[in-house]
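# Working through the structure, step by step
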Amino acid sequence: MNYRVLGRTGLRVSMLGFGGAPLGSAYGPTTQDESTAAVRAALAAGINYFDTAPYYGATTAETALGRALVGVPREAYLLATKVGRYGLDDFDFSAARVAASVDESLARLGCGHLDLIQVHDLEFGHLEQIVAETLPALDRLRAGGKVRFIGITGLPLRALTVVHAHWPTDTVLSYCHHCLHDTTLADAAPAWRACQSGVINASPLAMGLLSAAGPPAWHPAPPALKQACAAAAAFCRARGRSLAEVALQFALTDPPADTTLVGMRTTEEVRLNVAAAAAPPDLEFIATLQKRFAPVRNLTWPSGRPENN
Ligand code: NAD
């Protein structure tokens, strides 16, 4: 496993990070035993960065991750979770809720501090409130020792950039913008890096779009993108290739981010992804797939308040 420094946090993070959304059954039902096995397999493979959120599975993902880590020395892993999003349409970025949320996450995760706390999907809030209230509240928690570093997350790169310009957070997490079909993160990241912020790329499989199984029913991509991804999966299958593996190799080759978060539900997915990260990328096949994605290049979907898109 290769490691990188996560911007000015100085944290040494594995280039492949463990995405915790599947532990909340976001991608189909799972069990504690399966989650524990996946987390332990990831640790054994050198993955030291674990991302979760109260939103995932309505808190069940945090609880499952906490249980999976029982008995593991705290210094063996880095924990990142979030505040502000609690349901599909349930957001609260107020100072009081943020402070309570961190205490609840600490209890579920069974630890005394969080390495990184992030404002979850800030485009659903008023950006003025995020800057004037939410981030200062997190800063007070940092001063009190409950969290070490502070970040922001979201889909529209513009909203992340606007907030970051007012409050240059320690990290910025972008998702679905450094994939085979969408490379816009590379345009946004330099401005964040100029402030020594760490950059996290999430969802290199575009939340399941870039996999043989295809996306879950809730996936918000427009039909044209879903069709292009299904065609790419068929193209790979016909050539004995795995679209997920190629998509991950693309994301990990010269990435614009310090770590790439992949959602992993099973030990088999951990094994496949660790192997994909270690193998030399097939640049020719990656280029072939990118050409096939040309008609839907950088196609995305709206998220949050219209003014934040
Ligand atoms: P992803 O692109 O990582 O895809 C996850 C899906 O791919 C799951 O169904 C998983 O089971 C499947 N998968 C994983 N490895 C596979 C393989 N080798 N072959 C076939 N299928 C495979 O999407 P994600 O999980 O949503 O994103 C990664 C993580 O990033 C999340 O779990 C979460 O921790 C984080 N994230 C954060 C935000 C945010 O903060 N706003 C948004 C998106 C993701």
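Look up a bit, the structure's there.
Residues numbered from 1 in each chain as written. Predicted model: local features only at pLDDT ≥ 70, side-chain atom pairs only at ≥ 80, totals over all residues. Heavy atoms only, no water.

The next subject is the overall build of the protein. For the protein, the count of helices and strands is ten helices and twelve strands. Against the compact-globule benchmark of 19 Å for 309 residues, the protein has a radius of gyration of 18 Å, which places it among compact chains. Seen through its C-alpha atoms, the protein measures out along the principal axes to roughly 55 × 45 × 35 Å. Taking all 309 residues of the protein together, the buried fraction comes to 56%. Long-range contacts, defined as pairs at least 24 residues apart, comprise 76% of the intrachain contacts of the protein with a sequence gap of at least 6. Counting only carbon and sulfur atoms, one obtains 57% of the accessible surface of the protein, whose full area is about 12200 Å². Here the protein carries 26 positive and 27 negative side-chain charges, and the mean point of each set is 3 Å from the other. (Helix = DSSP H or I, 4+ residues; strand = E, 2+ residues; numbered from the N terminus. Rg over C-alpha atoms; globule rule 2.2 N^0.38 Å. Buried < 20%, exposed > 50% of the residue type's maximum accessible area, 1.4 Å probe, protein only. Contact = heavy atoms within 4.5 Å. Areas by Shrake-Rupley, 256 points an atom, 1.4 Å probe, with all protein chains shown as cover. Lys, Arg positive; Asp, Glu negative; His and termini not counted. Charge placed at Lys NZ, Arg CZ, Asp CG, Glu CD.)

One pass over the structure, following the stated rule, counts six aromatic pairs. Ring centres 6.1 Å apart and planes at 15 degrees place the aromatic pair F235 and F285 in the stacked group. A residue pair is termed long-range when its members are at least 10 positions apart, and F235 in helix α7 (residues 223–238) and F285 in helix α10 (residues 283–292) qualify at 50 residues. Using a relative accessible area of 12% as the deciding quantity, one classes F235 as buried. Residue F285 is classed as buried on the basis of its relative accessible area of 10%. Here the aromatic cluster, defined as three or more aromatic residues joined through ring pairs, consists of F91, F93 and F124. In this structure, R85 packs its charged tip against the face of Y55, placed 4.3 Å from the ring centre. In this structure, R97 packs its charged tip against the face of Y86, placed 4.3 Å from the ring centre. (Phe/Tyr/Trp six-rings, centres within 6.5 Å; stacked < 30°, edge-to-face > 60°. Lys NZ or Arg CZ within 6 Å of the ring centre and 35° of its normal.)

Relative to the assigned elements, K82 resides in strand β5 (residues 78–83). Separated by 3.0 Å, the side chain of K82 and the backbone oxygen of T52 make a polar contact. Within the structure, K82 has its side chain in polar contact with the side chain of Y56 (distance 3.0 Å). (Polar contact = N/O pair within 3.5 Å; in protein donor to acceptor, adjacent residues only side chain to side chain.)

So, about the packing of α7 against α10. Their axes nearest at 10 Å, the elements α7 and α10 cross at an angle of 145 degrees. Considering only the axes of α7 and α10, their crossing is right-handed. Between α7 and α10, the residues in contact are A232, F235 and C236 and F285, T288, L289 and R292, respectively. (Axes fitted to C-alpha atoms, helices over the stretch in contact; angles between N-to-C directions. Left-handed = near helix turned anticlockwise from the far one by under 90°.)

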